Amino acid sequence: MLTYLSLHLNKWKKRPVLFLLLFLFPLLSTCILYPLLERTAEETAVPVAIADEDDSSYSRIILERLQEAERLRFTAMTKEEAEKAVRKGTMEAAFILESGLEDTIRLGQVDNVVTWIRADESLLDVFAKEAVGAQVMRLALNAKAGVDVSAANGTASFEEAFAYSEEFWEPEPLFQVRFTERSPENPSMEAPKLEGWQVMVIQLFFLYSWMLALFFLRTILADDREGRLDRIRLLQGTTTRYFFHHFLLFGLVGIGSFALSICGLFYFAATPQELIEEWVIRSILVFAVTLFITWCLFMGTGRKRWSIPVLLLLALASFMLTVSGIGYLDMWPHYWLVKKW
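Computed from a predicted structure; not experimentally measured. (Residues numbered from 1 in each chain as written. Predicted model: local features only at pLDDT ≥ 70, side-chain atom pairs only at ≥ 80, totals over all residues. Heavy atoms only, no water.)

A. Main features of the packing of aromatic side chains. Counted under the stated rule, the structure contains 9 aromatic pairs. When the centroid spacing of 5.5 Å and the interplanar angle of 90 degrees are considered together, the rings of phenylalanine 206 and phenylalanine 258 count as edge-to-face. Taken as a pair, phenylalanine 206 in helix α8 (residues 196-216) and phenylalanine 258 in helix α11 (residues 240-268) lie far apart in primary sequence, 52 residues in all. Owing to a relative accessible area of 0%, phenylalanine 258 belongs among the buried residues under this scheme. An aromatic cluster is present here, built from Phe247, Phe250, Phe292, Trp295 and Phe298 joined pairwise through their rings. Seen from the ring of tryptophan 279, arginine 282 lies directly overhead, with NZ or CZ sitting 4.6 Å from the centre. (Phe/Tyr/Trp six-rings, centres within 6.5 Å; stacked < 30°, edge-to-face > 60°. Helix = DSSP H or I, 4+ residues; strand = E, 2+ residues; numbered from the N terminus. Buried < 20%, exposed > 50% of the residue type's maximum accessible area, 1.4 Å probe, protein only. Lys NZ or Arg CZ within 6 Å of the ring centre and 35° of its normal.)

B. Expanded view of the side chain of serine 307. Take serine 307: it is sitting in helix α13 (residues 307-324). Here lysine 304 takes part through its backbone oxygen, which lies 2.5 Å from a polar atom of the side chain of serine 307. Contacts of serine 307, omitting those with residues within four sequence positions, involve Phe298 and Thr301. (Polar contact = N/O pair within 3.5 Å; in protein donor to acceptor, adjacent residues only side chain to side chain. Contact = heavy atoms within 4.5 Å.)

C. Looking closely at the pattern of salt bridges. Following the criterion strictly, the structure yields 2 salt bridges and no others. Between arginine 60 and aspartate 55 there is a salt bridge; the shortest N-O distance is 3.1 Å. Judged by relative accessible area, aspartate 55 falls into the exposed class, the value being 55%. A salt bridge links arginine 282 to glutamate 278; the nearest nitrogen and oxygen atoms lie 3.1 Å apart. Of the two residues, arginine 282 and glutamate 278 both sit in helix α12 (residues 273-300), 4 residues apart, roughly one turn of that helix. (Salt bridge = Lys/Arg side-chain N within 4 Å of Asp/Glu carboxyl O.)

D. Representation of the pairing of strand β2 (residues 72-76) in the model. The pairing of strand β1 (residues 46-52) with β2 spans 5 bridges and is classified as parallel. The residue of β2 that forms the bridge with alanine 49 is threonine 75. Viewed along the sheet, the connection from β1 through helix α3 (residues 57-66) into β2 turns out right-handed. (Pairing = 2+ DSSP bridges. Right-handed = clockwise from strand over helix to strand, strands pointing away.)

E. Main features of the nonpolar core. With 40 residues, the main nonpolar core has Ile202, Leu217, Phe266 and Trp279 as its most contacted residues. Among the elements of the structure, α8, α9 (218-225), α10 (228-236), α11, α12 and α13 are those that each provide at least two residues to this core. The residues touching tryptophan 279, leaving out its near neighbours within four places in the chain, are Leu194, Val199, Ile202, Phe266, Leu337 and Val338. If you look at the next biggest cluster of nonpolar residues, it comprises 23 residues, including Ile50, Phe74, Ala131 and Ala140. (Core = buried A, V, L, I, M, F, W, Y, C linked by side-chain atoms within 4.5 Å.)

F. Up close: unusual backbone geometry. Phi at aspartate 55 takes a positive value of approximately 50 degrees, unusual for a residue other than glycine. Within the secondary structure, aspartate 55 sits in the loop between β1 and α3. Non-glycine residue arginine 303 carries a positive phi angle of around 55 degrees. In this fold, arginine 303 is placed in the loop between α12 and α13.

G. How the structure looks around the confidence of the model for the chain. Residues of the chain with pLDDT of at least 70 account for 75%, and the chain-wide mean is 78. Counted against residues more than four places away or in other chains, residues 173-190, with its pLDDT under 50, gives 15 contacts. (pLDDT = per-residue confidence, 0-100.)

H. A look at the packing of α8 against α12. For the pair α8 and α12, interaxial distance at closest approach is 11 Å and the crossing angle is 30 degrees. Seen along the crossing, α8 lies across α12 with a hand that is right-handed. Counting all contacts with α8, which are made through Val199, Ile202, Phe206, Ser209, Trp210, Ala213 and Leu214, the residues of α12 involved are Trp279, Ser283, Val286, Phe287, Thr290, Leu291 and Thr294. (Axes fitted to C-alpha atoms, helices over the stretch in contact; angles between N-to-C directions. Left-handed = near helix turned anticlockwise from the far one by under 90°.)

I. Examining the sheet that holds β1 more closely. Strand order in the open sheet formed by 4 strands is β2-β1-β3-β4, with mixed pairing between adjacent strands. Unpaired on one side and paired on the other, β2 and β4 (114-118) mark the two borders of the sheet. With strand direction ignored, the average angle separating the axes of adjacent strands in the sheet is 25 degrees. On top of the sheet, helix α4 (residues 79-88) reaches β1, β3 (93-97) and β4; it is set at about 160 degrees to β3, its chief contact.

What follows is the structure, given as C-alpha cells:
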C-alpha cells in the first residue's frame, strides 16, 4: 500500500494546494462560515418597534429586559415612528408603553398600559406580544405583592415587599413549566437531538466527501487508459493488490474528509458529547457502507468512463430526494444517515 500511496503523493505534490483544498474544503467552510451563519441567525430575529411614552423606571426596566429576548429584536422609537414603521412593513409590530404605566402597575393592574400595533400581514409578532406581556405581568405581580404586604403589615414598605417578590424571578422564575422531549423507547430519559440545520449540513458534507471519493477514482481510469495497469498486470501477474490498495485509498480520502468535517461542525456548534459519539459512529458507518457499494458498482460496470458521471448523479439524487422526502427513501444513503435506527 505504501508504494501506491507514494505514487499518489507524487501526483499530489505537483498540485499540493489544490488537493489539500479539495480534502479540507468542508472543514475550512465550517471554520469560515459558521460565525457568519451564527451572526445571520441573530440578524434574522423578528424586528419589533417599541415606544416609551411613560419614561419611568418601570418602562425602562421593561425596555432593558426586552433586549435579552431571543429571536426578537426590539428597536426603541417614538410613537409616530413606530406606527409609520409598521405601516411600511419594516417592523413586524409595535408596542407603545403608554403614559401612566408605572402608576397603574404599582396598583397591581395591567389594563391599558400597553398598546399593540400590528398590520394584517404580521405573522410572528405574537412572540413579541408574549415577551412584552411577560415583563409587564412580572412587574404587576411584584407590585401587587408590595401593595398587599404593605397594607397587611405596616412594618414592611412597598419597596421591600416588591424587592422580596422580585427575588423569586432570579435567576429563573420559581414557577414555570418545563418541557422535555422523551424517547418512546425510554420514556424516563430525555432524548437530545441535533438541530435541523446541523443535520442538513452533515448531509451536505456527506455529499461532498462522496463526490470527492468518486473524483479520486479517475486515477484508475487514467492508469488503465495510459497503459500503467497493463504493465502492472504483466510484471505482477495480477492486479488484485493494485485494486485493493486503491480501494483503501479511496476510502481513506472520502472518510477522512467527511470525519474532519463533521468533527469541526460539532466543535463549533458546541454539540453535547453523547450526540457527537452517536452521530460520528453512525455517519462514518453509513459513509463506509456507501463507499463500499460505490466501489462495487464502479468495478461491476467494468470501470467505464461513463461510470463516474452516473455515480455522481446517484450521489446527487440521494441528497436531493432525501431532502425533498420523495421517492423510495430507503434506497438512498442520505436517508440511512438521518433515519432513526
